[in-house]
Amino acid sequence: MRSSFQKFGLIGSGVLIGVLISVNLSALADKVLSPQLPIDDLRVFAEVFGKVKSDYVEPVEDKKLINEALTGMLAGLDPHSTFMDADAYKDLQAGTQGEFGGLGIEVAMEDGLVKVVTPIEDSPAYKAGLKSGDLIMKLDDTQVRGITLNDAVKKMRGAPDTKITLTVLRKNEPKPLTFTLTRAIIKSKSVKNKYIEKDYGYIRITQFQEHTGEDLATALKALHAQNKGPFKGLVLDLRNNPGGLLDAAVGVSAAFLPKDKLVVYTEGRVADSKMRLNANPQDYARRGKGDYLKDESPDFKNVPMVVLVNAGSASASEIVAGALQDHKRATILGIQSFGKGSVQTILPMNNGSAIKLTTARYFTPNGRSIQAKGIVPDINVEDGFDQSNNLHEADLGKHLSNPTDANAGKKPEDAKDVVKDAAKDAAIAKANEKKYAEQKGPIEPASKDDIQFVQAMNVLKGLPVQKTPEVNTDAVKTN
C-alpha cells in the first residue's frame, strides 16, 4: 500500500503559474506496458513528420516537432494530462516546496484561451482582482490563441519585480479588462489559523503542499494553547484551494477523523492505481518523517466542525470535504465545489522530460465519485457575488466522465437543502451583488464581511443560518 501511495500526486484543476503541484517520482515510468503497437498509424505519423521536415515553408527542428506531437497527444486526453519538457519538469519540481516565481494563478486551456481557475491567495493576481472564469486573451502584445498552455505559462513567469500586462475577457463585462501585474516570488503559506473568540477557532488551508500536514498540526497546537481547553467549534476553510498532494489531504482528514477511518480510495486500470488510504500515519506520513499528528489534542477529533467550500475548492480539497461529510464528522457549507475527481501521476522520461497522466479516479468513503459533479454542501450559502462566473470541471472541454453518469438524473438526497428555495436565494444574491462588488479588493477571510464564514459560525452556535446575505455579524467577535 505505502509503496503504491508514494507514487501519486493528486493535483489541482489546472497548471499553476510556477506550478503548484507535487512531484511523486513514479516507478510506473519504468514499467513498459507492451500492447501491440498500431504499425500502420505509426507509419502515417512518420510520413507526416517527413513531409513537414521536407515541405514546410521554414525549417523545423526535430525536437520541436516531436515535443509538439507529444503535447497534442496528452492534451487530447483530458484537461489535466500534459507533456512537460525538461524545463517545465524542473519548474514543477521546484514548485513543490511552496515557493515559486510568477503571478499566482492556477490556469487551464479552454477554447484556445487561458482560463483562470483560481487566483492564489496573497499573490499578485489575487491582489489585482483576477477572478475564477476570467479568460486571458493577451499576454503583453502576444495573442494567447495559437500558443500552448505551457508556452503561456512560461511567458507569465519571469524575474521578480518585472511587469506583465494581461488582457482579460470577463463574463458580463462589455469590453476586455486590462491588468498590469508585477511578478513576485510567491511564498505560499498553506495553513493559516485564527483564534476567533473563546472556544472557537479557524483554520484556512490554501493549498496541499509537502508540509501542509505538519503545518496543520502546528496550527492546531497554537489554537489549543490559546484556548486552554476544549473548543466548542472549528471552521475549516478550503475555499479557493486548488488541491495538491494526496498524502497531505489524507493527513488533514486524519487530524479530525478516528484512526484507520477510510479517507479516499482510487480506481484505475493498473494495479498501482488502486489504493485505499486511511487515517493512519502509514498513509499520510512521508518517508523518513514521524507521525506529525501523534501529539495532537484529542479534542480536535470530536470538536463540532464546519467546512467551507466553493467553486474554487478542487481535488485534494474535495477529498477532505468528502471524507468529513461521508463520516458525518463535519457540516459542509458554501457552494458546489469544482468537481475534479481524478488522480494524476508524474512519470519521468529518460531524456529529462515528464508526462502528467491521469491514471485513476478517486472516490469518497461512501463510494461517491465527484468527477465533474463536485461536493454538494449540506448547507448552500452563496458569497454575495455573481455565481455565473464560477468555473467547474464540467465546463472544461474533454473532461473525464463520471462513472455514475447513468444516474445523473436522480436527485441525490444530500442535495435537498441546495435546491430548496434556490430561486429565492438566487434573487437575493443578485440583489446584493452590486453592494458587495463595490467593496475594494477581495474580502478578508474570517472577517465580518465574509458571508459564508459568518453563517458557519451561526451553525456552530446554533443560530439561524441565512443562506444568502445580508450579513448577521452577531455570531462573530474578532480579536
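Not measured: the values here are computed from a predicted model. (Residues numbered from 1 in each chain as written. Predicted model: local features only at pLDDT ≥ 70, side-chain atom pairs only at ≥ 80, totals over all residues. Heavy atoms only, no water.)

1. Remarks on the overall build of the protein chain
Stage number 1. A count of helical and extended segments in the protein chain gives 13 helices and 20 strands.
Stage number 2. Counting across all 479 residues of the protein chain, residues that qualify as buried make up 52%.
Stage number 3. If you sum the accessible surface of the protein chain, you get close to 21600 Å²; carbon and sulfur atoms cover 53% of it. (Helix = DSSP H or I, 4+ residues; strand = E, 2+ residues; numbered from the N terminus. Buried < 20%, exposed > 50% of the residue type's maximum accessible area, 1.4 Å probe, protein only. Areas by Shrake-Rupley, 256 points an atom, 1.4 Å probe, with all protein chains shown as cover.)

2. What to know about the pairing of strand β8 (residues 163–169)
Stage number 1. Strand direction decides the pairing type here: strand β6 (residues 135–139) and β8, joined by four bridges, are antiparallel. Following the sheet pairing, Leu-139 is matched in β8 by Leu-166.
Stage number 2. Note: β8 against strand β9 (residues 177–182), six bridges, orientation antiparallel. Across the sheet, Val-168 pairs through a bridge with Leu-177, a residue of β9. (Pairing = 2+ DSSP bridges.)

3. Examining the environment of Phe-208
Stage number 1. Considering the arrangement of structural elements, one finds Phe-208 in the loop between β12 (200–205) and α7 (212–227).
Stage number 2. Its relative accessible area of 2% is what places Phe-208 among the buried residues.
Stage number 3. Sequence spacing of Phe-208 and Ala-316 is 108 residues, and the spatial spacing of their C-alpha atoms is 7.0 Å.
Stage number 4. With residues near it in sequence (within four places) discarded, Phe-208 still touches Leu-238, Asn-241, Gly-243, Gly-244, Leu-245, Ala-248, Ala-249, Val-252, Ala-316, Ser-317 and Val-320. (Contact = heavy atoms within 4.5 Å.)

4. Thoughts on the nonpolar core
Stage number 1. Ile-203, Leu-236, Phe-256 and Val-307 are the most contacted members of the largest nonpolar core, which totals 51 residues.
Stage number 2. Setting aside chain neighbours within four positions, we find Val-307 in contact with Leu-236, Leu-238, Ala-321, Leu-324, Ala-330, Thr-331, Ile-332 and Leu-333.
Stage number 3. Val-107, Val-114, Ala-125 and Leu-166 belong to the second largest nonpolar core, which has 20 residues in total. (Core = buried A, V, L, I, M, F, W, Y, C linked by side-chain atoms within 4.5 Å.)

5. With respect to the packing of helix α8 (residues 246–254) against helix α10 (residues 316–326)
Stage number 1. The interhelical angle for the contact between α8 and α10, taken along N-to-C directions, is 30°, at an axis separation of 9 Å. In this view, α8 runs roughly parallel relative to α10, as classed from their interaxial angle. Classified by chirality, the crossing of α10 by α8 is right-handed. On α10, the residues that touch Leu-246, Ala-249, Val-252 and Ser-253 of α8 are Ala-316, Ile-319, Val-320, Ala-323 and Leu-324.
Stage number 2. Broken down by class, the residue content of the contact of α8 with α10 amounts to eight nonpolar, one polar and no charged. (Axes fitted to C-alpha atoms, helices over the stretch in contact; angles between N-to-C directions. Parallel < 35°, antiparallel > 145°, perpendicular 65-115°, else oblique. Left-handed = near helix turned anticlockwise from the far one by under 90°. Nonpolar A, V, L, I, M, F, W, Y, C, P; charged D, E, K, R; others polar.)

6. Quick notes on unusual backbone geometry
Peptide bonds are trans in most cases, and residues, glycine excluded, mostly fall at negative phi.
Stage number 1. Even without being a glycine, Ala-372 presents a positive backbone phi close to 65°.
Stage number 2. Tracing the backbone shows Ala-372 in the loop between β19 (354–363) and β20 (379–380).
Stage number 3. Of note in the backbone geometry, Ala-446 takes a positive phi value of approximately 65° without being a glycine.
Stage number 4. In this structure, Ala-446 sits in the loop between α12 (422–437) and α13 (451–461).

7. Overview of the pattern of salt bridges
Stage number 1. Under the criterion given, the structure shown has 15 salt bridges.
Stage number 2. Among the ionic pairs, Asp-62 bridges to Lys-53, the shortest N-O distance being 2.7 Å.
Stage number 3. Taking the relative accessible area as the measure of exposure, Asp-62 reaches 39% and is therefore partly exposed.
Stage number 4. Among the ionic pairs, Asp-199 bridges to Lys-198, the shortest N-O distance being 3.7 Å.
Stage number 5. Using a relative accessible area of 10% as the deciding quantity, one classes Asp-199 as buried.
Stage number 6. A cluster of three or more residues bridged by salt bridges with shared partners is formed by Arg-204, Asp-237, Arg-239 and Asp-450. (Salt bridge = Lys/Arg side-chain N within 4 Å of Asp/Glu carboxyl O.)

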